[in-house]
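# Remarks on the overall topology
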Amino acid sequence: MLGGSHAQAPKLAGFNRIGQVIAVVSGKGGVGKSSLTALLAVALGRQGQKVGVLDADITGPSIPKLFGLPAGGLRGNEAGILPAITRTGIRVVSANLMLPEEDAAVAWRGPLITGLIQQFWGQVLWGKLDTLLVDLPPGTSDPLLTVVRQMPLRGAVLVTSPQQLAALVVRKAVNLLKTLNVPVLGVVENLAYYPCPQSGEHHEVFGPSHAYEVAVAAGCDLLVRLPIDPSLTQLGDAGRIEEAELPELAPLVARLLGVVTQRAQA
Ligand SMILES: Nc1ncnc2c1ncn2[C@@H]1O[C@H](COP(=O)(O)OP(=O)(O)OP(=O)(O)O)[C@@H](O)[C@H]1O
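Being a predicted model, the structure only gives us computed values, none of them experimental.

This paragraph deals with the pattern of salt bridges. When the charged atoms of two side chains with opposite charge come close together, those side chains can pair. With the rule as written, the count across this model stands at six salt bridges. For Glu-245, the salt bridge is made with Arg-46, and the minimal N-O distance between the two is 3.6 Å. Of the two residues, Glu-245 is situated in the loop between helix H7 (230-237) and helix H8 (250-265) and Arg-46 in helix H1 (residues 33-46); the sequence distance between them amounts to 199 residues. For the salt bridge of Arg-240 with Glu-243, the shortest nitrogen-to-oxygen distance reads 2.9 Å.

Next comes the structure, spelled out in structure tokens:
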């Protein structure tokens with residue numbers, strides 16, 4: 001059933017109730033977008049939200065690894081696909097959960113990839129969610145267009161890092177989101193600095209920040225600057241990202257909770 005681009009969507013309208021769908025977008029790979037998606041899901045869950053993560057990075061899925069979810073963990077029945085559930089109750093759907101082994105490759109052409117993203121939206125029994133986060137692959141390509149066309153996006157969170165190249169590529173993503181009328185809810189700069197454990201001084205390991213320029217281009221606020229934190233790498237590698245504490249995310253969490261409130265009042 002999975003992987004076909006023309007599969008019939010079951011009637012999930014009465015079953016799935018999703019308060020808001022938020023895309024997490026970067027221009028360049030490796031800026032920590034998947035980690036940020038996972039951390040945001042955890043932070044929203046701690047605020048009492050029911051959260052789902054749709055891993056739209058079909059060929060490079062890293063969400064299951066961060067949560068310690070094993071390959072082959074997706075189940076389904078004739079009604080639809082059941083998401084895997086993390087230790088703290090976050091519902092996750094990812095190509096890696098369909099594969100027999102974690103390191104099996106997905107070598108698919110574009111139409112199959114977009115077909116699978118559509119199935120992750122249209123054939124998954126997400127149930128009632130406050131927020132569905134969509135982790136998009138880097139680049140301004142088909143998956144973003146598919147998500148924008150198929151899902152009622154409230155907006156996007158843009159993740160960048162201090163390198164000028166990352167800022168340049170993320171500005172391309174900003175322009176595409178503008179063209180597609182997707183509001184940018186906030187910019188996150190990851191790997192912004194390394195706080196010296198001895199002196200507390202912030203070292204700009206990847207150079208000076210360009211995130212303000214990105215935020216200005218996107219017409220929104222730079223909400224979060226995340227430091228380089230080796231414990232994050234360790235927790236992610238161990239599949240224990242849900243144990244991370246990141247108070248820096250509070251402004252972004254508040255913004256996303258605000259979106260829910262505004263929508264409820266509309
Ligand atoms: N703030 C941080 N401090 C330390 N390590 C980090 C931080 N953010 C991300 N990492 C680490 O960097 C690596 C890449 O992160 P991640 O997979 O989230 O990036 P990505 O942008 O989603 O990558 P890709 O675009 O290739 O999918 C991971 O090992 C992750 O643990």
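With that settled, the discussion passes to the environment of Leu-249. Relative to the helices and strands, Leu-249 is located in the loop between H7 and H8. For Leu-249, a relative accessible area of 2% translates into the label buried. As for Leu-249 and Leu-226, which are separated by 23 residues in sequence, their C-alpha atoms are 8.1 Å apart. Aside from chain neighbours lying at most four places away, what touches Leu-249 is Leu-36, Leu-39, Leu-40, Ala-43 and Val-224.

Counting 81 residues, the largest nonpolar core has Leu-36, Leu-54, Phe-67, Leu-158 and Leu-252 as the members making the most contacts within it. Broken down by element, this core gets its largest block of residues, eight residues, from H1. In this structure Leu-54 touches Val-93, Phe-120, Trp-121, Trp-126, Leu-132, Leu-133, Val-134, Asp-135 and Met-151, once residues within four positions along its chain are discounted.

The full set close to the ligand counts 17 residues, and Gly-32, Ser-34, Ser-35, Asn-190 and Thr-233 are the nearest of them. With respect to the ligand, the backbone of Gly-30 contributes an N or O atom lying 3.1 Å from an oxygen atom. Interatomic distance of 2.6 Å between a side-chain N/O atom of Ser-35 and an oxygen atom of the ligand. In isolation the ligand offers 630 Å² of accessible surface; the protein chains occlude 77% of this area. Listing elements by their share of the shell around the ligand, those giving two or more residues are H1 and H7. Counting residues per element, the shell around the ligand draws most heavily on H1, at three residues. Considering only residue class, the shell around the ligand consists of six nonpolar, eight polar and three charged.

It is worth spelling out unusual backbone geometry at this point. The backbone of Asn-181 shows a phi angle near 60°, a positive value even though the residue is not glycine. Along the chain, the position of Asn-181 falls in the loop between helix H5 (164-179) and strand E9 (184-189). According to the relative accessible area criterion, Asn-181 is exposed, its value standing at 67%. Positive phi, close to 60°, is recorded for Leu-191, a residue that is not glycine. By the element assignment, Leu-191 lies in the loop between E9 and strand E10 (194-195). Judged by its relative accessible area of 23%, Leu-191 is partly exposed.

Rules behind the numbers
- Throughout, a residue's number is its position along its own chain's written sequence, starting from 1.
- It should be noted that, the model being predicted, local features are given only for residues of pLDDT at least 70 and side-chain atom pairs only at 80 or more, the latter also being counted only at that level, while totals for whole chains, interfaces and linings use all residues.
- Based on all heavy atoms of the structure, the side-chain values leave hydrogens and waters out of the count.
- A pairing counts as a salt bridge when a side-chain nitrogen of Lys or Arg comes within 4 Å of a carboxyl oxygen of Asp or Glu.
- Helix and strand assignments follow DSSP, with helices taken as H or I runs no shorter than four residues and strands as E runs no shorter than two, numbered in order from the N terminus.
- Three labels apply to residues, based on accessible area from a 1.4 Å probe with only protein chains included: buried if under 20% of the type maximum, exposed if over 50%, partly exposed otherwise in between.
- Should any heavy atoms of two residues lie within 4.5 Å, those residues are counted as being in contact.
- Among buried residues, those of type Ala, Val, Leu, Ile, Met, Phe, Trp, Tyr and Cys that are joined through side-chain atoms within 4.5 Å constitute a nonpolar core.
- We call a residue near a molecule or strand whenever a single non-hydrogen atom of that residue lies within 4 Å of it.
- Pairing of N or O atoms within 3.5 Å defines a polar contact, subject to two protein rules: one partner must be a possible hydrogen donor and the other a possible acceptor, and residues neighboring in sequence count only if both atoms are side-chain atoms.
- Accessible areas in this description were obtained via Shrake-Rupley with a 1.4 Å probe; residue shielding takes into account the shown protein chains only.
- In this classification, Asp, Glu, Lys and Arg are treated as charged, Ala, Val, Leu, Ile, Met, Phe, Trp, Tyr, Cys and Pro as nonpolar, and every other residue, Gly included, as polar.

So far we have only geometry, and geometry alone does not tell us how the molecule works.
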